Amino acid sequence: MRMSDEQRIKGWWHLPSANDTRVPGILTWSQDGGAELELIGGFSTNAKYEQAAEKSWTAAETWDRSSQRGTIYGETVAGKLITLWEAELGNYTTDVNNQPLEQFWRSSWLCVGAQLPSPEEPVFQSVTVVLDDLSYLTGDGRFSPPRWIRMEGVDTPGEQTEDGSELMPYALPVIGGRRAAWASGSTEDATYFIDTFATRPFVSPATEMMPNLKLDLMMRRTRTGRRVELSEGARVRINPTGSAFKAVDVPSRISPLLELLRLATFGSSAVTSMSAITGDGHEVSLLCRLGQHSAPDARTQNDRMVFTFDDVSLESYLEAWQRLGSKPQGRYAWNLAVGLIGHSPKLVEEHISQVLAAAEGLHRWCLSGSRNTKLEDRLIDLHGRLPESLRTGLDLDAGKWADWAVWMRNHVDHGGAEKHREVGDFYHLKVIADCVRLVTYLGLLTELGIPVKKMEEALLNHPRISVLRERCQELGALPDSQKP
């Protein structure tokens, strides 16, 4: 099941403690709303009603709190088992005899394929995740350029005949199938394996005896004609280092991968699908609201990747991920700095506060900056850590930039700086903030060991990073340092 695919599932539902009390209802799933369960009837309630006026009733007490949140089991009309974790009761109606007429439950967690009592139980032996853009990070090309071939029935390939025919037989070489552990790496809690795959013909004794059957099985027939669709992709297998995973652990195990894709694309990324293997060997699908919407079928740009696994291995990235976030505040500072990639606040003030906090936190907690270092010096040091060619490409007056950034942060965070400055155009505050964002990002790539050439190419050609580089040069419109 893909996160982006909306679901509408009919079935029977009950609480784990009341297997005999099953209620009909419809479960829907969407990335915006999560799981929403509409019951015809409902689960028991301890609400008491009092007559407030003639022919009207009002609730004197609310639902028993133990009935308002928890796990709900379901079974579809096709017999598939479902679990809703941490479901919360929303609207409901009852009759005058306190019998439920309808209930509406919501949950951010959905497990399809098993009934598991709690997301806190270690039951997953392995988790498999598909992520937007992951295939481009691997660079495992499965499609080769088309090759012109000769084919029976085509006498003059490429030439236009008198009747207007122009036939060009060709073959598209494809490396189909699954390539296991194309890349791998580990953290203290988990081991990660990236598998790549591509469409391949179905293989069986029947297809080997009748080759045309292979084509028929790959083909989709439409009213306008026959179609053969080929695809390539990648998925990540995550295995626990120690005991089995809990469902609540899954988002944190996926985080390093999502952050890697943010760094590699300088944009947001999301989970396309998740599945897991339980202790008894059953495969289940997991649907969860993780903050970012997946768009697996959306078109993407060829020049979006800043780096790939050819530039940094998964193992070395995970080592740096652990090292930079090893201090108590380090993980928070890392998450803040990486989380801002692909995020564009609507308010300039919000943008300023976030990027300056990210830069300061990264220098202090991830790059072992001194405790008493001033923000201005931290910014200058972040800029100075960049390779010389990057500093040249930015063409940034570090002292002037850092001075204005500190004043800007004080101006925004304190509702006006003590020493007023004439900005001229308020847009220049965004320019300064964008420069902070870019220097911080390049500092992260430098710590990961990304080749300087790759970063230079991104400054010149990446559709978003090149814009930020141009803004660094707009700082010249601001007055020089106005320190007393």
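Counting restarts for each chain, with residues numbered from 1 along the sequence as it is written. In view of the model being predicted, local features appear only for residues whose pLDDT reaches at least 70, and side-chain atom pairs are presented and counted only at 80 or more, with totals across whole chains, interfaces and linings using the full set of residues. Only hydrogens and water are removed before side-chain values are computed, so all heavy atoms of the structure are retained for them.

Attention shifts here to the nonpolar core. Leu84, Phe124, Leu263, Tyr317, Trp334 and Trp401 are the most contacted members of the largest nonpolar core, which has 117 residues in total. A run of H or I in DSSP becomes a helix once it reaches four residues, and a run of E becomes a strand once it reaches two; helices and strands are each numbered from the N terminus. For this core, the leading source of residues is helix α11 (residues 427-448), giving 13 residues. Put simply, a nonpolar core is a bunch of buried Ala, Val, Leu, Ile, Met, Phe, Trp, Tyr and Cys residues held in one set by side-chain atoms that sit within 4.5 Å of each other. Think of it in three bands: with a 1.4 Å probe and only protein chains considered, a residue is buried below 20% of the maximum accessible area for its type, exposed above 50%, and partly exposed in between.

As a further point, take the pattern of salt bridges. One side-chain nitrogen of Lys or Arg within 4 Å of one carboxyl oxygen of Asp or Glu is enough to make a salt bridge. Per the counting criterion, the structure on display carries 20 salt bridges. Put simply, Asp297 and Arg2 hold a salt bridge, and the shortest N to O gap is 2.9 Å. In this pair, Asp297 is assigned in the loop between β19 (283-288) and α5 (314-324) and Arg2 in the segment before β1 (7-14), connecting sequence segments 295 residues apart. Accessibility expressed as a relative area gives 60% for Asp297, which makes it exposed. Using a relative accessible area of 27% as the deciding quantity, one classes Arg2 as partly exposed. A salt bridge links Arg106 to Glu36; the nearest nitrogen and oxygen atoms lie 3.6 Å apart. Note that Arg106 is positioned in strand β8 (residues 100-107) and Glu36 in strand β3 (residues 34-40), a separation of 70 residues in sequence. Taking the relative accessible area as the measure of exposure, Arg106 reaches 55% and is therefore exposed. Overlapping salt bridges, with partners in common, bring together Arg2, Asp5 and Asp297 in one network.

Pairing of β1 with strand β6 (residues 69-76), which is carried by 4 bridges, proceeds in the antiparallel orientation. Across the sheet, His14 pairs through a bridge with Tyr73, a residue of β6. Summarising the sheet, β6 and strand β7 (residues 81-94) pair through 6 bridges and their orientation is antiparallel. The partner of Arg69 across the bridge, within β7, is Glu88. Pairing between two strands is assigned when DSSP locates at least 2 bridges connecting them.

Turning to unusual backbone geometry, a few remarks are in order. Positive phi, close to 75°, is recorded for Asp133, a residue that is not glycine. Residue position: Asp133 is located in the loop between β10 (124-131) and α1 (134-138). According to the relative accessible area criterion, Asp133 is buried, its value standing at 13%. Unlike most non-glycine residues, Ala181 shows phi in positive territory, near 55°. Locating Ala181 in the fold gives a position in strand β13 (residues 177-186).

Let's shift gears to helix α4 (residues 250-265). Multiplying 1.5 Å by the helix residue count minus one yields the expected span of that helix. For α4, built from 16 residues, the straight-helix expectation of 22 Å at 1.5 Å per residue is met to within 8% by its first-to-last C-alpha distance of 23 Å. The sharpest bend along α4 measures roughly 30° and falls at Pro256. Just beyond α4, the residue with positive phi is Phe266, at close to 50°. By definition, a residue's bend is the angle between the axes fitted to the seven residues ending there and the seven starting there.

Convention adopted: a line fitted to C-alpha atoms gives each axis, helices being fitted over their contacting stretch, and angles between N-to-C directions are expressed from 0 to 180 degrees. Interaxial distance between α5 and helix α6 (residues 330-339) falls to 8 Å at its minimum, and their mutual angle equals 120°. With respect to each other, α5 and α6 are oriented oblique. Packed against α5, whose contacting residues are Tyr317, Trp321, Gln322 and Leu324, the element α6 presents Gly330, Arg331 and Trp334 at the interface. Throughout this entry, Asp, Glu, Lys and Arg are counted as charged residues, while Ala, Val, Leu, Ile, Met, Phe, Trp, Tyr, Cys and Pro are counted as nonpolar. The remaining residues, Gly among them, count as polar. By residue class, the composition of the contact of α5 with α6 is 4 nonpolar, 2 polar and 1 charged. Oblique is the label for any angle not covered by the other classes, which are roughly parallel (under 35 degrees), roughly antiparallel (over 145) and roughly perpendicular (65 to 115). The contact rule is simple, with two residues in contact once any of their heavy atoms fall within 4.5 Å.

A word on the environment of Pro251. On the secondary structure map, Pro251 appears in helix α4. With a relative accessible area of 25%, Pro251 lands in the partly exposed category. Residues Pro251 and Thr156, spaced 95 residues apart in sequence, show a C-alpha to C-alpha distance of 58 Å. Other than its neighbours up to four places away in sequence, Pro251 contacts Trp109 and Leu290.

Contact pair α6 / helix α7 (residues 348-366): the axes reach a minimum separation of 8 Å and the direction vectors enclose 140°. At the point where α6 passes α7, the crossing takes the left-handed sense. Where α6 approaches α7, its residues Gly330, Ala333, Trp334, Leu336 and Ala337 are matched on the opposing element by Gln354, Ala357, Ala358, Gly361, Leu362, Trp365 and Cys366. Within the contact of α6 with α7, the residues separate by chemical class into 9 nonpolar, 3 polar and no charged. We call a crossing left-handed when the near helix sits turned anticlockwise from the far one by less than a right angle, and right-handed when that turn is clockwise.

This part takes up the pairing of strand β18 (residues 271-278). In terms of burial, β18 is a largely internal element, 7 of the 8 residues being buried. One ladder, built from 7 bridges, connects β10 with β18; its direction is antiparallel. From the neighbouring strand, Phe124 faces β18, where its bridge partner is Thr278. As paired strands, β18 and β19 are joined by 4 bridges and run antiparallel to one another. In the sheet register, Ala276 faces β19, and the bridge partner there is Val284.

We now examine the packing of aromatic side chains. Centres within 6.5 Å make a pair out of two Phe, Tyr or Trp rings, where for Trp the six-membered ring is used; the pair is then stacked when the planes are under 30 degrees apart, edge-to-face when over 60, and tilted otherwise. Within the structure shown, the criterion is met by 6 aromatic pairs. With a centroid separation of 6.3 Å and an interplanar angle of 85°, the aromatic rings of Trp148 and Tyr170 are classed as edge-to-face. Linking Trp148 in strand β11 (residues 147-148) with Tyr170 in strand β12 (residues 170-171), this pair joins segments that are 22 residues apart in sequence. Across the pair, exposure class does not vary: Trp148 and Tyr170 are exposed alike. Positioned above the aromatic ring of Trp321 is the side chain of Arg331, whose terminal nitrogen or guanidinium carbon lies 3.8 Å from the ring centre. The rule is short: NZ of Lys or CZ of Arg within 6 Å of the ring centre and within 35 degrees of the ring normal puts a charge over the ring.

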